[in-house]
Amino acid sequence: MRREDFTLDVSDEEWVEADGEPRRPTVTIDFEGDRDALRERFAGPDGEYPSGDHIDVTLRLRGDPDDPETAGVVAVTDRVTGALIFELDERAVDVLDFVDTARAYGERSGDDGGYRVVVAVEGDPVVTYEKETFLVYSEDGDLLRGRSLIPGGVEL
């Protein structure tokens, strides 16, 4: 599976600028390829997809986070083993805006914030996760706490 086989789409974030009713933002990662190939890479030994507690979603920047032209790599990894499940290239500003929306959702809704991740194959949803953490790293591998979504009480 190559990075080019994945696309990322964001929804439920327009309410922030419109000062509307808060909605949990959703990121859909769509795989343009064979469903069995994704299952083989993503699912555990039992053939089942891992729970949301067992995956992490991160952004590794490839430049200055304040530069609108900076690219980044969004990665989905197995939290237990640390294994990379898949990754894709994305404009960093788009992902950082999404993280800001997830933070605003928490502030305005009164919960810890968070977002929804939908993994799909050619538009057909395969698995959905409710997440509260999204870690953002500099190009040097340093955690950017102020850019990340980290719920209260979580120590890293």
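Please refer to the structure higher up on the page.
Note that the structure is a prediction, hence the values are computed from the model and not measured.

1. Some points on the layout of surface pockets
Taken as a whole, the largest pocket holds about 200 Å³ of empty space. Those elements that provide at least two residues to the lining of the largest pocket are α2 (35-42) and β5 (84-91). Class assignment for the residues of the lining of the largest pocket results in nine nonpolar, three polar and four charged.

2. Focus on empty space enclosed by the protein
Scanning all chains against the criterion turns up one cavity of 30 Å³ or more. When its volume is computed, the largest cavity comes out at roughly 60 Å³. Lining the largest cavity, in full, are Leu8, Val10, Val27, Ile29, Val57, Val74, Asp94, Val95, Phe98 and Phe134. Breaking the lining of the largest cavity down by element, the ones donating at least two residues are β1 (6-11), β2 (26-31) and α3 (92-109). It is α3 that contributes the most residues to the lining of the largest cavity, three residues altogether.

3. A word on the environment of glycine 44
Considering the arrangement of structural elements, one finds glycine 44 in the loop between α2 and β3 (55-61). Separated by 34 residues in sequence, glycine 44 and aspartate 78 have C-alpha atoms that sit 9.8 Å apart.

4. Quick notes on the nonpolar core
By size, the foremost hydrophobic cluster in this structure holds 32 residues, and its most contacted members are Ile29, Phe42, Phe86, Tyr115 and Phe134. Of the residues forming this core, the biggest block, six residues, is contributed by α3.

5. Observations concerning the sheet that holds β3
With respect to topology, four strands assemble into an open sheet ordered β5-β4-β3-β8, the strand pairing being mixed. In the strand order of this sheet, the two ends are held by β5 and β8 (135-137), each with one partner. Pairs of neighbouring strands in the sheet enclose a mean axial angle of 25°, with direction left out of account. Pairing geometry for strand β4 (residues 71-78) and β5, over seven bridges, is antiparallel. From the neighbouring strand, valine 73 faces β5, where its bridge partner is aspartate 89.

6. Description of the sheet that holds β2
In space, the four strands of this open sheet follow the order β1-β2-β6-β7, with mixed pairing throughout. One side of each edge strand has no neighbouring strand; the edge strands of this open sheet are β1 and β7 (124-131). Here the average twist between neighbouring strands, direction ignored, is 20°. Pairing analysis gives seven bridges linking strand β6 (residues 115-121) to β7, with the strands arranged antiparallel. The residue bridging valine 121 from the neighbouring strand is aspartate 124, located in β7.

Rules used in this analysis
- Residues numbered from 1 in each chain as written.
- Predicted model: local features only at pLDDT ≥ 70, side-chain atom pairs only at ≥ 80, totals over all residues.
- Heavy atoms only, no water.
- 1 Å grid on protein atoms, 1.4 Å probe; cavity = no way out; pocket = protein on both sides within 12 Å on 5 of 7 lines; lining within 4 Å.
- Points joined across faces, edges and corners; volume = space filled by probe spheres on them.
- Helix = DSSP H or I, 4+ residues; strand = E, 2+ residues; numbered from the N terminus.
- Nonpolar A, V, L, I, M, F, W, Y, C, P; charged D, E, K, R; others polar.
- Core = buried A, V, L, I, M, F, W, Y, C linked by side-chain atoms within 4.5 Å.
- Buried < 20%, exposed > 50% of the residue type's maximum accessible area, 1.4 Å probe, protein only.
- Pairing = 2+ DSSP bridges.
- Axes fitted to C-alpha atoms, helices over the stretch in contact; angles between N-to-C directions.

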